[in-house]
Amino acid sequence: MSTAATEEITLTRKDFVSDQTVRWCPGCGDYSILAQMQRVLPATGVAKEKTVFISGIGCSSRFPYYMNTYGIHSIHGRAPALATGLAIANPDLTIWVITGDGDGLSIGGNHLLHAIRRNVNLNIVLFNNRIYGLTKGQYSPTSRPGTVTKSSPMGSVEQPLNPIAVAMAAEATFVARSIDSHPQHLAATLERAAEHKGASFLEIYQNCVIFNPNEWTDLSDRKNRDDSILYLEHGKHMIFGKDRDKGIRLNGFTPEVVSLDEVDLDDILVHDATSKPLASILGSMEFPDYPAAMGVIRDVRKPDYAGELIGQVQTAQEQRGAGDLNQLYLAADLWTVEEREEAEEREITSLASDGDEMPITGLDEEYIDEMDKPEEVLSDFQDLLVTNTLAELNPKVPITVGKRSSLARTVRQMNQHNIGCMLVTDEENRLVGIFTEWDVLNRVAGLVDDLTQETITDYMTADPLTLKEDLPIAQALNLMSIHGFRHLPLVDDGGQPTGIVSFRDVVGYLNEALEDMTD
Amino acid sequence: MTDRVSAETYEVEELESVAIRFAGDSGDGMQLTGTQFTNTSAVFGNDISTMPDFPAEIRAPAGTLAGVSGFQVHFSSRNVLTPGDAPQVLVAMNPAALKASLPELERAGTIIVNTDAFTKQNLSKAGYGSNPLEDDSLEGYQVLAVPMTSLNREALAGFKELTNKERDRCQNFFALGMVFWMFDRSMDTTRDWLFKKFARKPIIAEANLKAMETGYFLGETTETFQQRYNVRPAALPPGTYRKVTGNEALSMGLVTAAQKMGKPLFYGSYPITPASDILHSLAPLRHFDVRTFQAEDEIAAICAVIGAAFGGALAVTGTSGPGIALKSEAINLALTLELPMIVVNVQRGGPSTGLPTKTEQADLLQAMFGRNGESPLPIVAPATPSDCFEMALEAARLAVRAMTPVFLLSEGFLANSAEPWQAPRAEDIPEISVKHPQGHRNGNGHSPFLPYERDPETLARPWALPGTPGLEHRLGGLSKAPLTGNVSYDPEHNEQMISERAEKVARLAGVIPEQDVFGAAEAELLMLSWGGTFGVVRSAVASAQRAGRSVAHAHLRYLNPFPRNLGDVLKRYRKILVPELNSGQLALLLRSKLGVEVETYANLSARPLKIAEVRDVINANLGRG
Ligand code: SF4
């Protein structure tokens, strides 16, 4: 089982051939891909027990049965998700995902996107035959508009997906394309995909001889394929054609095919597999308007998902030591119940070192976060309401009457001073009540015959809510809005009135403050 | 009006147990308040049981009924099994909280209200035509009307660094202080928690402490509170305790199972209420080699779990009913690949999106039958929050033993409820034995590896891991031949594989505990329950037994296979009644699998059963007298 032993063994193509009979239709492009895979794998130097093939459903997805490695023929579209779990469980494996245009881009589109986005160390090979083969010939998400099939007898009215563009949208770190009919190119591209660490995405134009036999004719015919394929090589000019007489030039943002007879070599694009915009341009070049770009379109290095995750495990173990179950169980507030005799002493202990405790769950996390969040900059206005005290309002000197005063005297005073609110005090000048215009209207007017005979204490509101001058203005506003008060008496520590604040005063003050701020 | 009265003059009444409900806006921090009261009571030595009640919307409009967040804690000097039927005390921070919780409150219960929140606007948001504090709608209750907002503001006026909003956020601690006073509880646990939690911002801790103390001393210095209560410590078995929710216990159980297998724990999940907390609990445990994977969807989560199981991890996915529906196809793949894994379903109210934050037990038949083809899988169901720990270990043990996915059916109620837990010692938990076939180099005269060669005793196939030389094999979802696992459409092969898979699950009955019964071995009535209804049914049966009724209780933790003696047990009772939070799913299984006559008591309110309700059912089934 040692790796040294693994390296000593030289594998051959035959080591990767399983005992199962291959069951694709005669002439199917899948045979060529299988043959090249079995040829390439020994050369990659990966032991076959470390190699896993995972597929979904479709003609291409039979692939794992024919490889004498570990493998799973899973369910439709989900191979990238299975492969992701496997890569996390054992990052030492070399995992191939075999999928098709229906499996990978229709039912399994979501998983393909996310496996690529996460840069899981997988080699994803998508066989694109632009048709559903296994279910006997319906159009697929890569079928061209107008494709006539059993499910689109008048021609498909759907726009196709461009697999390379999809991979680019998912921020793929490796994107390549090849074709079943060109074994050497296919083998070389498979090898490159295998070498790349992270998610490799390889689209293979594959011929379904039964349901879509003419799809790739122009690209596979040996005689003229060199005129329709642009073979990419990093750092090399994009030149193609049987006589290597054509090239790709950028006109603004648009690529164009030019003849080398007319254009300088310096004007021809040079392939750069690390350039993201260039990869997108190459992916957008569709045959027959352009030659089909083949080879490695993009190849950059980014951290792979499982590596990062296992890295976190290692970091956590370095920082905190390998987890100790007893500590985990006891990472909470603890209490001890003693053998019951007398009233026992209970002590709370917490073994939880910081971060050991499981997080508090439920909605209150947000509540805590909000309390715990960094200092918030108050709006100036809020600030003003909270920091400025009621003293700033220059509260009016209170007009008071003694609690033995008659109603008549009180009302007369109110008229004299032209105020809507009167404070009532006891012998020691402490506030005992408040009497307002509202009381006049509701408790006195029309109800009392002789104002001189009635004492104010029977008509006032006793023990009113009060505030002190050094409290924030906001507090007065709050009380006024909660209770609908129009006046709030201010008192000192001894309960003697020091002033009175009316709703009008507060509004006036706010108005000025607002004007100051907007100036 | 604020004459100081010394604490000694209060009457302190001894109570056996009390249930308090804290209710407010979801932004009021009621879960936190309830949790703090719970911790203090637990530390004091009471037995406790709690149940949170979240609004479904994270940020429902403030002041509305939809936004009410509640937390109920039941604390007692006796052993308690449930969060309490009807709370005796309600703390209502606004009119909506009062309105939503009042129907649950015990008659003549105590209501502590924040009068400042009873503004016209809040009243109308809660749908009150008139102020219930001023009309006679609270007649018969003991109402303690406290202007918490203004008193709290006054108390915190000195905290000039804080905004008014920040000060107001402390008013739940003001309320907590009052309740602490009322039940004669120490503020120490909460004070310590505050300074630990807000170590970075001690001013917040100070302000909350001040609010809490002010609430506490309000009780001491005013006549608002006439009465104090005392609930003595419970006679729990000696030992060290902590408080644990079902989801916490489940998480710790999974980590333990992985360690006892010597495996990494792979947890693949897509966020869903009420299972997400398992993901949250596990994610910080990387030092236990916990590899959490937040998948792009439910299907990816289970598929990644299948991949991880193939790779040799203890692989687990957690979700709720709607997620199981999406995972069904993949669960069937796992069944035919015969790989060990745990599928956790924290059941919530259904069907469809249903009631995400409420509880139900209506996915039993989904676990049993909700997949295409013949698809028998083991099912276990924890009975209490702390039992989630045990059943996680059990699920792992059964999964590895029979090489099969195992369903663990938890419930929203269990997931979020808490109870005291006497943590085990890790050394006392048995290892879970895992065998992987040894590798070899080809060409050494080895016969080809047979991935479906079954163990004669368990019928499990070998768990051969990728990376092992000489055991390369392919698995798939197509029908297969015995031994080789090669694709085969042969009808006999199909039949053989189906019956072998069924048989290996059935054989687990030999290694799960026999069914026990609480009460007499023979009686008029047997109450037969499963899942999170345990505490309520047990309490109701115990009370009926004390009253001399001929009733016993059996509680199922293993739903497939059933305990091997279940049929015999059921024969001994004249009548069997199955209370369930569904329309009779276990009853249906019992009838069809054991051929016994059982009756259903169905409750479809998406809330836990109540003890009184079950008591009534027992009485009704035994005839009065
Ligand atoms: S249907 Fe097409 S893709 Fe499928 S095996 Fe036959 S030729 Fe190949």
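Up top is the structure.
Residues numbered from 1 in each chain as written. Chains lettered and ligands numbered in written order. Predicted model: local features only at pLDDT ≥ 70, side-chain atom pairs only at ≥ 80, totals over all residues.

Engineer: Hey, could you run me through the interface of chain A and chain B in this one?
Structural biologist: Frequently, the measure chosen for interface size is the accessible area that the parts lose on association. Opposite the 78 residues of chain A that make contact, chain B presents 98 residues. Here the side of chain A that touches chain B takes eight residues from helix H3 (residues 79-89) of chain A, the largest share from any one element. Its residues assigned to classes, the side of chain A that touches chain B comprises 40 nonpolar, 24 polar and 14 charged. Bridge count between strand E2 (residues 70-73) of chain A and strand E17 (residues 474-476) of chain B: three bridges; the pairing is parallel. Pairing of A:His73 across the sheet is with B:Gly476, part of E17(B). (Contact = placed C-beta atoms within 7 Å. Helix = DSSP H or I, 4+ residues; strand = E, 2+ residues; numbered from the N terminus. Nonpolar A, V, L, I, M, F, W, Y, C, P; charged D, E, K, R; others polar. Pairing = 2+ DSSP bridges.)

Engineer: What should I look at first to understand the environment of B:Arg546 in this one?
Structural biologist: All names here are of chain B. Position of Arg546 relative to the elements: it lies in helix H17 (residues 534-546). On the neighbour-count criterion, Arg546 (8 C-beta atoms within 10 Å) is exposed. Each C-alpha atom, one on Arg546 and one on Gly595, is 32 Å from the other, the two residues being 49 residues apart in sequence. (Buried ≥ 20, exposed ≤ 12 C-beta atoms within 10 Å, placed from the backbone.)

Engineer: I would appreciate a short explanation of the sheet that holds strand E22 (residues 599-602) of chain B in the present structure.
Structural biologist: Two orientations exist for strands paired in a sheet by backbone hydrogen bonds: parallel and antiparallel. Residues and elements named next belong to chain B. In space, the four strands of this open sheet follow the order E19-E18-E21-E22, with parallel pairing throughout. Of all strands in the sheet, those bounded by a partner on one side alone are strand E19 (551-556) and E22. Direction aside, neighbouring strands of the sheet carry axes that sit 25 degrees apart on average. Relative to E22, strand E21 (residues 573-580) is paired through four bridges, and the arrangement is parallel. When the bridges of E22 are listed, Glu580 appears paired with Ala602. This element, H17, spans strand E18 (523-530), E19 and E21 of the sheet and lies at about 165 degrees to E19. (Axes fitted to C-alpha atoms, helices over the stretch in contact; angles between N-to-C directions.)

Engineer: Honestly, the nonpolar core in this entry has me stumped. Any pointers?
Structural biologist: Across soluble globular proteins, nonpolar side chains show a tendency to be buried alongside one another. One finds A:Ala83, B:Leu265, B:Phe266, B:Val305, B:Ile306 and B:Val316 to be the most contacted residues of the largest nonpolar core, which totals 267 residues. Element by element, the count of residues in this core is highest for helix H11 (residues 298-311) of chain B, at 11 residues. In this structure, A:Ala83 is in contact with A:Ile54, A:Ile95, A:Val97, A:Ala115, A:Val120, A:Leu122 and B:Gly307, ignoring residues within four places of it in sequence. A:Val401, A:Leu407, A:Leu431 and A:Ile456 belong to the second largest nonpolar core, which has 26 residues in total. (Core = buried A, V, L, I, M, F, W, Y, C linked by C-beta atoms within 7 Å.)

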